[in-house]
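Here is how the chains run, residue by residue.
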Amino acid sequence: MRAGTATQSPAIGGGNGSAGAAKKKMNGYVGFSNYPNQQHRRSIKRGFNFTLMVVGESGLGKSTLINTLFESRVYPVKDVDDSSPRSGAQVASPTGVDITSVSADIVENGVKLRLSVVDTPGFGDSVNNDEAWRPILENIESRFDAYLAQENRVNRSKIVDNRVNVLLYFIKPTGHGLRAMDIEFMKHLHTRVNLVPVIARADTLTPREVEQFKAKILADINFHGIHIFKPVSDHFDDPETISDNKAIAGKIPFAVVGSEQFVVREDGTRVRGRQYPWGVIEVENENHNDFVALRQMLLRTHMEELRDETDVSLYESYRTQKLLALGHVQDNSVFREFNPRRQQEEEERLHTAKMHKLEAEMSAVFKQKVHEKEGKLKQSEEELHSRHQTMKTTLEKQRRDLDEKKSRLTQSDTPHSVPATGSYVEPAQRMASKDKKKNRFF
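Residues numbered from 1 in each chain as written. Predicted model: local features only at pLDDT ≥ 70, side-chain atom pairs only at ≥ 80, totals over all residues. Heavy atoms only, no water.

A description of helix 1 (residues 35–46) should follow, citing residues and the corresponding values.
Along its twelve residues, helix 1 runs 17 Å from first to last C-alpha, staying within 8% of the 16 Å computed at 1.5 Å per residue. Positive backbone phi, at 85°, marks Gly47, one or two positions downstream of helix 1. (Helix = DSSP H or I, 4+ residues; strand = E, 2+ residues; numbered from the N terminus. Expected span 1.5 Å × (residues − 1).)

Give a description of the packing of helix 3 (residues 134–151) against helix 8 (residues 303–325) that names residues and reports values.
At a closest axis distance of 11 Å, the pairing of helix 3 and helix 8 adopts a crossing angle of 80°. When the interaxial angle is binned, helix 3 and helix 8 end up roughly perpendicular. Of the residues in helix 8, those touching helix 3 at Glu141, Phe144, Asp145, Tyr147, Leu148 and Glu151 are Thr310, Asp311, Leu314, Tyr315, Tyr318, Arg319, Lys322 and Leu323. Of the residues in the contact of helix 3 with helix 8, the class split is seven nonpolar, one polar and six charged. (Axes fitted to C-alpha atoms, helices over the stretch in contact; angles between N-to-C directions. Parallel < 35°, antiparallel > 145°, perpendicular 65-115°, else oblique. Contact = heavy atoms within 4.5 Å. Nonpolar A, V, L, I, M, F, W, Y, C, P; charged D, E, K, R; others polar.)

Please provide a residue-by-residue account of the packing of aromatic side chains, values included.
Enumeration according to the criterion identifies seven aromatic pairs in this entry. Arranged with centres 5.3 Å apart and planes meeting at 65°, the rings of Phe123 and Phe185 form a pair that is edge-to-face. Placement of the pair is Phe123 in the loop between strand 5 (111–119) and helix 3 and Phe185 in helix 4 (residues 180–189), with a sequence separation of 62 residues. What links up through ring pairs into an aromatic cluster is the set Phe144, Tyr147, Tyr315 and Tyr318. For the cation-ring pair, Arg163 lies above Tyr147, with the distance from its terminal atom to the ring centre recorded as 3.7 Å. The side chain of Arg163 reaches across the aromatic face of Tyr315, ending 4.8 Å from its centre. (Phe/Tyr/Trp six-rings, centres within 6.5 Å; stacked < 30°, edge-to-face > 60°. Lys NZ or Arg CZ within 6 Å of the ring centre and 35° of its normal.)

For the nonpolar core, give the residues involved together with the corresponding values.
Judged by nonpolar contacts, the single largest core of 74 residues is most densely connected at Leu167, Tyr169 and Phe185. Ignoring anything within four residues of it in the chain, the contact list for Tyr169 reads Val55, Phe123, Met181, Asp182, Phe185, Met186, Leu195, Val196, Pro197 and Val198. (Core = buried A, V, L, I, M, F, W, Y, C linked by side-chain atoms within 4.5 Å. Buried < 20%, exposed > 50% of the residue type's maximum accessible area, 1.4 Å probe, protein only.)

How would you sum up the pairing of strand 11 (residues 279–282)? Please name residues and give values.
Taken together, the four bridges between strand 10 (residues 270–276) and strand 11 define a ladder with antiparallel strand orientation. In the sheet register, Gln275 faces strand 11, and the bridge partner there is Val280. Counted along the chain from strand 10 to the antiparallel partner strand 11, the turn is two residues long. (Pairing = 2+ DSSP bridges.)

Tell me about the sheet that holds strand 6 (residues 166–171), residues and numbers included.
Pairing is mixed in the open sheet, where six strands are placed in the order 4-5-3-6-7-8. Strand pairing shows two members of the sheet lacking a second neighbour, strand 4 (100–108) and strand 8 (254–255), which therefore form its edges. Pairing of strand 7 (residues 195–199) with strand 8, which is carried by two bridges, proceeds in the parallel orientation. Note that in strand 8 the partner of Val198 across the bridge is Phe254. Sheet contacts for helix 2 (residues 62–69): strand 3 (48–55), strand 5 and strand 6; angle to strand 3, the most-contacted strand, approximately 155°.

Describe the packing of helix 2 against helix 7 (residues 291–301), naming the residues involved and giving the relevant values.
A pair of packed helices is captured by two measures, namely the crossing angle of their axes and the spacing between those axes. Where helix 2 meets helix 7, the closest approach of the two axes is 11 Å, and the angle between their N-to-C directions is 65°. In terms of their interaxial angle, helix 2 and helix 7 are classed as roughly perpendicular. The crossing of helix 2 and helix 7 is right-handed. Taken together, the residues of helix 7 that come into contact with helix 2 (itself represented by Leu65, Thr68 and Leu69) are Phe291, Leu294, Arg295, Leu298 and Leu299. Grouping the constituent residues of the contact of helix 2 with helix 7 by class yields six nonpolar, one polar and one charged. (Left-handed = near helix turned anticlockwise from the far one by under 90°.)

Please set out the environment of Ile221 residue by residue, giving values where relevant.
Relative to the helices and strands, Ile221 is located in helix 5 (residues 207–223). In this structure, the C-alpha to C-alpha distance between Ile221 and Ile183, residues 38 residues apart in sequence, is 7.8 Å. If sequence neighbours within four positions are ignored, Ile221 has contacts with Leu178, Met186, Pro197, Ile226 and Ile228.

Lay out the pattern of salt bridges in plain terms, naming residues and giving numbers.
Inspection of the entire model under this criterion finds 22 salt bridges. Arg319 serves as the salt-bridge partner of Glu151, at 3.8 Å between the closest nitrogen and oxygen. Taken together, the residues Glu151 in helix 3 and Arg319 in helix 8 connect sequence positions 168 residues apart. When the shortest N-O distance is used, the salt bridge between Glu304 and Arg307 registers 3.2 Å. Residue Glu304 and its partner Arg307 are located together in helix 8, separated by three residues, close to a single helical turn. (Salt bridge = Lys/Arg side-chain N within 4 Å of Asp/Glu carboxyl O.)

Mind laying out the sheet that holds strand 11, listing which residues take part and the relevant values?
Each strand in a sheet pairs with its neighbour through backbone hydrogen bonds, running either in the same direction (parallel) or in the opposite one (antiparallel). What the three strands build is an open sheet, ordered 9-10-11; its pairing is antiparallel. Each edge of the open sheet carries a strand with a single partner, namely strand 9 (262–264) and strand 11. Adjacent strand axes in the sheet meet at a mean angle of 65° when their direction is disregarded.

Now, about the confidence of the model for the chain: what can you tell me, with residues and values included?
Atom-level detail of predicted coordinates should not be read off regions where pLDDT is low. The predicted model of the chain has a mean per-residue pLDDT of 82, with 82% of residues at 70 or higher. Segment residues 80–95 is flagged for pLDDT under 50; beyond a separation of four residues in sequence, or across chains, it makes 19 contacts in the model. A low-confidence stretch, residues 417–422 stays under pLDDT 50, and its non-local contacts, those more than four residues away or across chains, total one contact. (pLDDT = per-residue confidence, 0-100.)

Residue-level account of the pairing of strand 6, with values.
Put simply, side chains in a regular strand alternate between the two faces of the sheet. The element strand 6 is largely enclosed, with a buried count of six among its six residues. Across the two faces of strand 6 the burial is the same, with Val166, Leu168 and Phe170 and Leu167, Tyr169 and Ile171 all buried. Pairing analysis gives four bridges linking strand 3 to strand 6, with the strands arranged parallel. Along strand 6, the bridge assignment pairs Met53 with Leu167. Relative to strand 7, strand 6 runs parallel, the two sharing five bridges. The residue bridging Ile171 from the neighbouring strand is Ile199, located in strand 7.

What follows is the structure, given as structure tokens:
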């Protein structure tokens, strides 16, 4: 056994002391370098969970590609007739987007894989697809919520992880770049899942058309700030791994062809592919399509990286946002040394701020009530003034009516007019004059 090096880290403030670590040389074999082998044995014993979601319109070969990837009948065989989407007709789902899940246990060289494939039938088949991304996003976030609820349980010995590790988004081979529906979908989901764009049915395009189509897709993705999963290398990787990662990244978006059938080439060998009048498209031929590169990234070199990215980055980001929205605040004081005086000052500051806040709230409530009272008093004053004006108008009218009646009564009591030649004679005098005239005749 060969000796190695050790590091010494002084404890600073109760932290982990990762900064300023000093390297130390070991004089013999200790054995902790065997830890990866222990992890390997435990992984073989427990197996792996991997959840893959496929999204795309009907007839783009999603089920066929999944069956081809895993060399297994994960999806059942679908009857293909003249009215199927593969023959060109579009099938619209009356209920919109449905979320279905298929699980399968696969064993390869003693390694157990619990594969879950989430399909989205009905996506893009409706007349209006503006909100087609919403049920898929809700499904992914509901899986995050379920995992978060399991983490918060008292007994966490059996946590079921059904979070989506990767999403294969199938792009229709139009050759004209991404459509509005594609852009909206990617913009809403690229922060929740490892997004891998795939050009479906690439055998309908020529090699030149494929390259041009890829360039347009990448230009649209970069323009809209969409983050897609790409293999990255670090200083631990060997030159061969770095070269392979660059080659895989250079083929994104993957132009793939899937087939569950075997055809015979001119030399008599049987290969998985599609037979056309002009020749054979081989699924596992890198000169014909990018199926091998896609399988290499998903299953052979970056499966754990996809799982780790989901757990460490995507889920943690969602978890932080969820807890902050629920009112949870990180208490960083548990990572600091305890200082009673500073804590007392902090409590006094918080109490003072709380009192100021209560005072401001009470002042605002008082001002609001005063304002409401002033409004009511002003309204009452206006009502009283209106009533006063009404009563004043009524009294003025009554006064005018009384004046008119008085005037009429005065005119009716005025004496009759007298002749112009004499003065006014009282009625009694006129009666006496008449009596005198009568006596003259007797």
